[in-house]
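One letter stands for each residue in the lines below.
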Amino acid sequence: MVEITGTPVYSCRKCMNPIALRVDLISKNYLAKSGQVYMFAHAMNIEIGPKVDKQLMTSYFSIAEIFCGKCGEEMGWTYVRAYDAKKYKERNYILEKAKFLKEY
Ligand SMILES: [Zn+2]
């Protein structure tokens, strides 16, 4: 377990499992079908589901769903592979705002 100091942490709303650090937040300006989502460069204490190919908006991606490593709640998804110009999204983590809380 990594000790976290000096940066706000985003935790699972259900079980308070720390999922991502504020310093790893890339953008808050994304909207998914489920509502607002945040993009992170890194996430922790998570389980990653099987890879699926999916058309998102205008692009084709290989993504995998992310689940809380403690309570199993679905948190969002990660881009495993981008098939077009959106390469910058690869290996980033998308977390649904409704699923986490910000802690200090
Ligand atoms: Zn949880």
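Residues numbered from 1 in each chain as written. Predicted model: local features only at pLDDT ≥ 70, side-chain atom pairs only at ≥ 80, totals over all residues. Heavy atoms only, no water.

Colleague: What is the right way to read the coordination of the zinc ion from this model?
Modeller: Six octahedral donors around a metal ideally subtend angles of 90 or 180 degrees, whereas four tetrahedral donors ideally subtend 109.5 degrees. Coordination of the zinc ion by the protein is provided by Cys-12 (SG), Cys-15 (SG), Cys-68 (SG) and Cys-71 (SG), with metal-donor distances spanning 2.3 Å. One can describe the donor arrangement at the zinc ion as tetrahedral, given that its 4 donor atoms subtend angles of 101 to 115 degrees at the metal. All donors of the zinc ion come from a single chain, and their spacing in sequence reads C-x2-C-x52-C-x2-C. The exposure class assigned to Cys-12 is buried, which follows from its relative accessible area of 0%. The class for Cys-15 is buried, based on a relative accessible area of 19%. (Donors = N, O, S within 2.8 Å, 3.2 Å for Na, K, Ca; no water. Tetrahedral: all angles 85-135°; square planar, octahedral: opposite > 155°, others 65-115°. Buried < 20%, exposed > 50% of the residue type's maximum accessible area, 1.4 Å probe, protein only.)

Colleague: Which parts of the structure should I look at to understand the nonpolar core?
Modeller: Generally speaking, a soluble globular protein has its nonpolar side chains buried in company with each other. Within the largest apolar cluster, 16 residues are counted, with the highest numbers of intra-cluster contacts made by Ile-19, Phe-40, Met-75 and Leu-95. Contributions of two or more residues to this core are made by β1 (9–12), β2 (18–21), β4 (35–40), β6 (59–68) and β8 (93–96). The contact partners of Met-75, leaving out residues within four places of it in the chain, are Cys-12, Ile-19, Ile-66, Phe-67, Cys-68, Ile-94, Leu-95, Glu-96, Lys-99 and Phe-100. Among the nonpolar cores identified, the runner-up in size contains 9 residues, and Met-39, Trp-77, Tyr-79 and Ile-94 belong to it. (Core = buried A, V, L, I, M, F, W, Y, C linked by side-chain atoms within 4.5 Å. Helix = DSSP H or I, 4+ residues; strand = E, 2+ residues; numbered from the N terminus. Contact = heavy atoms within 4.5 Å.)

Colleague: Quick question: what am I supposed to make of the packing of aromatic side chains here?
Modeller: The description of an aromatic ring pair rests on the distance of the ring centres and on the angle between the ring planes. Enumeration over the complete set of coordinates arrives at 9 aromatic pairs. Geometrically, the ring pair formed by Trp-77 and Tyr-79 is edge-to-face, given 6.5 Å between the ring centres and 85 degrees between the ring planes. With relative accessibility at 14%, the residue Trp-77 sits in the buried group. Overall, the relative accessible area of 5% leaves Tyr-79 in the buried class. Members of the aromatic cluster, joined through ring pairs, are Tyr-10, Tyr-38, Phe-40 and Phe-100. (Phe/Tyr/Trp six-rings, centres within 6.5 Å; stacked < 30°, edge-to-face > 60°.)

Colleague: Looking at this structure, I do not really get the sheet that holds strand β3 (residues 25–32). What am I missing?
Modeller: The pairing of strands in a sheet happens through backbone hydrogen bonds and is either parallel or antiparallel. With respect to topology, 6 strands assemble into an open sheet ordered β3-β4-β8-β7-β6-β5, the strand pairing being antiparallel. Of all strands in the sheet, those with a lone pairing partner are β3 and β5 (46–56), marking the two edges. With direction set aside, neighbouring strand axes in the sheet form an average angle of 30 degrees. For β5 and β6, the ladder comprises 9 bridges, and the chain directions are antiparallel. Paired with Val-52 across the bridge in β6 is Ile-63. (Pairing = 2+ DSSP bridges. Axes fitted to C-alpha atoms, helices over the stretch in contact; angles between N-to-C directions.)

Colleague: It is not clear to me how the sheet that holds strand β9 (residues 100–103) should be interpreted in this structure. Could you clarify?
Modeller: The sheet built from 3 strands is open, its strands ordered β2-β1-β9 with antiparallel pairing. Edge positions in the sheet fall to β2 and β9, since each has one partner strand and no second. Averaged over all adjacent pairs, the angle separating strand axes in this sheet is 30 degrees, with direction ignored. Sheet analysis places β1 next to β9, joined by 4 bridges and oriented antiparallel. Bridging from a neighbouring strand, Val-9 pairs with Glu-103 of β9.

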